[in-house]
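One-letter residues, chain by chain:
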Amino acid sequence: MRTFTSADDITGAVGETIGTSDWLEITQERVNTFADATGDHQWIHVDVERATKESPFGGPIAHGYLTLSLLPMLSWQTYTVENSRMGVNYGSNKVRYVHPVPVGSRIRLVAVLGSADTLADGAVQMTVDSTVEIEGVDKPALVAQVISRVYF
């Protein structure tokens with residue numbers, strides 16, 4: 001867990017790995033809850049029997065957007081910013097779903113600070129190169145540049 005306490009701390013860490021989260025198991029319950037929240041009930045995610053028999057993945061897989069939506073939760077385990085007034089999500093660049101995430105597998109986030117720029121309003125815009133790894137799999141599940149702004 002990396003703790004930043006100022007804009008200079010953040011801008012001085014560009015290029016560094018700022019943290020790695022704990023492993024998180026992707027359960028069928030989490031996948032089903034996400035399906036209910038988004039209305040995406042495609043059988044490769046929620047029909048265990050059919051996904052096991054018919055999908056090329058050998059069983060149900062997590063939604064790509066579920067994996068992406070876990071980034072804020074996993075990020076809280078990689079770094080924190082103290083002494084700021086607030087932080088906001090600003091967007092994402094270059095989101096790619098590289099490898100499916102099978103239900104029952106475990107994932108974690110590796111966060112590298114790709115860039116940090118001080119803006120005219122005093123905020124720091126951080127771009128975090130986010131890689132979601134799957135335990136025991138060579139390819140990552142997801143890679144994305146996640147942009148946030150921190151106001152001091």
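Above this text you will find the structure in question.
The following paragraphs examine the structure supplied in this document.

About the criteria used
Residues numbered from 1 in each chain as written. Predicted model: local features only at pLDDT ≥ 70, side-chain atom pairs only at ≥ 80, totals over all residues. Heavy atoms only, no water. Helix = DSSP H or I, 4+ residues; strand = E, 2+ residues; numbered from the N terminus. Buried < 20%, exposed > 50% of the residue type's maximum accessible area, 1.4 Å probe, protein only. Polar contact = N/O pair within 3.5 Å; in protein donor to acceptor, adjacent residues only side chain to side chain. Contact = heavy atoms within 4.5 Å. Arc of directions from axis to C-beta. Core = buried A, V, L, I, M, F, W, Y, C linked by side-chain atoms within 4.5 Å. Salt bridge = Lys/Arg side-chain N within 4 Å of Asp/Glu carboxyl O. 1 Å grid on protein atoms, 1.4 Å probe; cavity = no way out; pocket = protein on both sides within 12 Å on 5 of 7 lines; lining within 4 Å. Points joined across faces, edges and corners; volume = space filled by probe spheres on them. Nonpolar A, V, L, I, M, F, W, Y, C, P; charged D, E, K, R; others polar. Phe/Tyr/Trp six-rings, centres within 6.5 Å; stacked < 30°, edge-to-face > 60°.

**Details of the side chain of Q28**
Part 1 of the reasoning: Mapped onto the elements, Q28 comes out in helix α2 (residues 28-38).
Part 2 of the reasoning: Its relative accessible area of 18% is what places Q28 among the buried residues.
Part 3 of the reasoning: Here the side chain of Q28 touches H45 through a polar contact of 2.9 Å, landing on its backbone oxygen.
Part 4 of the reasoning: Not counting the four nearest positions on each side in its chain, Q28 is found in contact with H45, V46, V48, P60 and V103.

**Topic: α2**
Part 1 of the reasoning: Among all positions in α2, only Q28, V31, F34 and A35 are buried. All buried residues of α2 fall inside an arc of 125 degrees around its axis, so they share one side. In α2, those exposed residues whose orientation departs by more than 90 degrees from the buried face are E29, D36 and A37.
Part 2 of the reasoning: In this structure, the buried side of α2 is in contact with α3 (43-46), α4 (48-54) and α5 (64-69).
Part 3 of the reasoning: Backbone geometry just after α2 places G39 at a positive phi near 80 degrees.

**A short note on the nonpolar core**
Part 1 of the reasoning: By size, the foremost hydrophobic cluster in this structure holds 18 residues, and its most contacted members are I26, L70, V101, I107 and V132.
Part 2 of the reasoning: Contributions of two or more residues to this core are made by α2, α5, α6 (71-75), β6 (106-118), β7 (124-134) and β8 (142-151).
Part 3 of the reasoning: Once residues within four sequence positions are removed from consideration, V132 is found in contact with T67, L71, I107, R108, L109, P140, A141 and L142.
Part 4 of the reasoning: A13, I18, Y79 and M126 belong to the second largest nonpolar core, which has 13 residues in total.

**Re the pattern of salt bridges**
Part 1 of the reasoning: For the coordinates displayed, the defined rule picks out five salt bridges.
Part 2 of the reasoning: Where K53 meets E49, a salt bridge forms, and the shortest distance between an N and an O atom there is 3.1 Å. With K53 and E49 both in helix α4 and four residues apart, the pair spans about one turn of that helix.
Part 3 of the reasoning: E49 sits in the exposed class, given a relative accessible area of 53%.

**What to know about the layout of surface pockets**
Part 1 of the reasoning: Approximately 530 Å³ is the volume attributed to the largest pocket.
Part 2 of the reasoning: Contributing to the lining of the largest pocket are 23 residues, with S75, W76, Y79, N89 and S148 lying nearest its centre.
Part 3 of the reasoning: Of all the secondary-structure elements, those providing two or more residues to the lining of the largest pocket are α6, β4 (79-81), β5 (86-97), β7 and β8.
Part 4 of the reasoning: Among the elements that line the lining of the largest pocket, the one with the most residues is β5, at six residues.
Part 5 of the reasoning: Partitioned by chemical class, the residues of the lining of the largest pocket number 13 nonpolar, nine polar and one charged.

**Notes on the packing of aromatic side chains**
Part 1 of the reasoning: Evaluation of the coordinates by the stated rule reveals two aromatic pairs.
Part 2 of the reasoning: Ring centres of F4 and Y79 lie 6.2 Å apart, and the angle between their planes is 65 degrees; this geometry places the pair in the edge-to-face category. Of this pair, F4 sits in strand β1 (residues 2-4) while Y79 sits in strand β4; the two residues are 75 residues apart in sequence, bridging distant segments of the chain.
Part 3 of the reasoning: For the ring pair Y65 and Y97, a centre distance of 6.0 Å and an interplane angle of 75 degrees mean the geometry is edge-to-face. In this pair, Y65 is assigned in helix α5 and Y97 in strand β5, connecting sequence segments 32 residues apart.
Part 4 of the reasoning: Judged by its relative accessible area of 58%, Y65 is exposed.

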